[in-house]
Amino acid sequence: QHWDMLRELLTLYMTPPNALKTILVGPEGDPNSGKGLFGQAGKDQALIFMSRRVDYRVKVNNVLKKSTWAVELLEDLGVPDPTDGNFNIALYSAQSLRNRRLKLT
């Protein structure tokens, strides 16, 4: 199951920006439907994984800003960007997630 999830998350790197919404939330386009990667991996994990794309941020006047497609996608989904502000990327590693799931069972 871990490898299947990783394979799904990796599609976020290879998919053109205009098709990401369907992968994230499913064909209905509802972020609360429990479908797509939001339902499988969790909203924050999917968004953080997506934020690691090379084209997620662009350099404008020597300042990194979110790309237009990323801003539009987040607004369309009505979700905040979990990478705004300080966050610990290590909390979203496969090992950390696995350990947290083991504690829940």
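To keep things clear, this report deals only with the structure shown in the data block. Bear in mind that the values here come from a model prediction, so they are computed numbers and not experimental data. (Residues numbered from 1 in each chain as written. Predicted model: local features only at pLDDT ≥ 70, side-chain atom pairs only at ≥ 80, totals over all residues. Heavy atoms only, no water.)

Helix and strand content of the protein chain: 6 helices and 2 strands. Going through the 105 residues of the protein chain one by one, you find that 31% of them count as buried. Pairs at least 24 residues apart make up 52% of the contacts formed inside the protein chain by residues separated by at least 6 positions. Surface accessibility of the protein chain: about 7,000 Å² in total, with carbon and sulfur atoms responsible for 53%. (Helix = DSSP H or I, 4+ residues; strand = E, 2+ residues; numbered from the N terminus. Buried < 20%, exposed > 50% of the residue type's maximum accessible area, 1.4 Å probe, protein only. Contact = heavy atoms within 4.5 Å. Areas by Shrake-Rupley, 256 points an atom, 1.4 Å probe, with all protein chains shown as cover.)

A few words on the nonpolar core. Ranked by internal contacts, the top residues of the largest apolar core, which has 20 residues, are Leu12, Leu24, Phe38 and Met50. Secondary-structure elements contributing two or more residues to this core are α1 (2-14), α2 (20-25), α3 (36-40), α4 (43-51) and α5 (68-77). Among the elements that take part in this core, α5 stands out by supplying 5 residues, more than any other. Discounting chain neighbours no more than four positions away, the residues touching Met50 are Leu12, Leu20, Leu24, Tyr56, Trp69 and Leu73. (Core = buried A, V, L, I, M, F, W, Y, C linked by side-chain atoms within 4.5 Å.)

Looking now at the pattern of salt bridges. One pass over the full model with this rule turns up 5 salt bridges. Residue Lys35 pairs with Glu28 through a salt bridge whose shortest N-O separation is 3.3 Å. The residue Lys66 makes a salt bridge to Asp81 at a minimum N-O spacing of 3.2 Å. Remark: Asp81 occurs in the loop between α5 and α6 (94-104) and Lys66 occurs in strand β2 (residues 63-66); sequence separation between them is 15 residues. Given a relative accessible area of 22%, Lys66 falls into the partly exposed group. Residue Asp81 is classed as buried on the basis of its relative accessible area of 7%. (Salt bridge = Lys/Arg side-chain N within 4 Å of Asp/Glu carboxyl O.)

Sheet topology places strand β1 (residues 57-60) next to β2; 4 bridges connect them, and they run antiparallel. The residue of β2 that forms the bridge with Arg57 is Lys66. A loop of 2 residues connects β1 with β2, the two strands running antiparallel in sequence, and Asn61 in this loop sits at a positive phi of about 55 degrees. (Pairing = 2+ DSSP bridges.)

This next bit is on α4. Most of α4 sits inside the fold, with 7 of its 9 residues counted as buried. Buried within α4 we find Gln45, Ala46, Leu47, Ile48, Phe49, Met50 and Ser51.

There is a patch of nonpolar side chains on the surface, built from Leu10, Tyr13 and Met14 and spanning about 310 Å² of accessible area. Position of Met14 among the secondary structure elements: in helix α1. A relative accessible area of 65% places Met14 in the exposed class. (Patch = residues over 30% accessible without salt bridge, like charges linked within 9 Å, V, L, I, M, F, W, Y side chains within 5 Å.)

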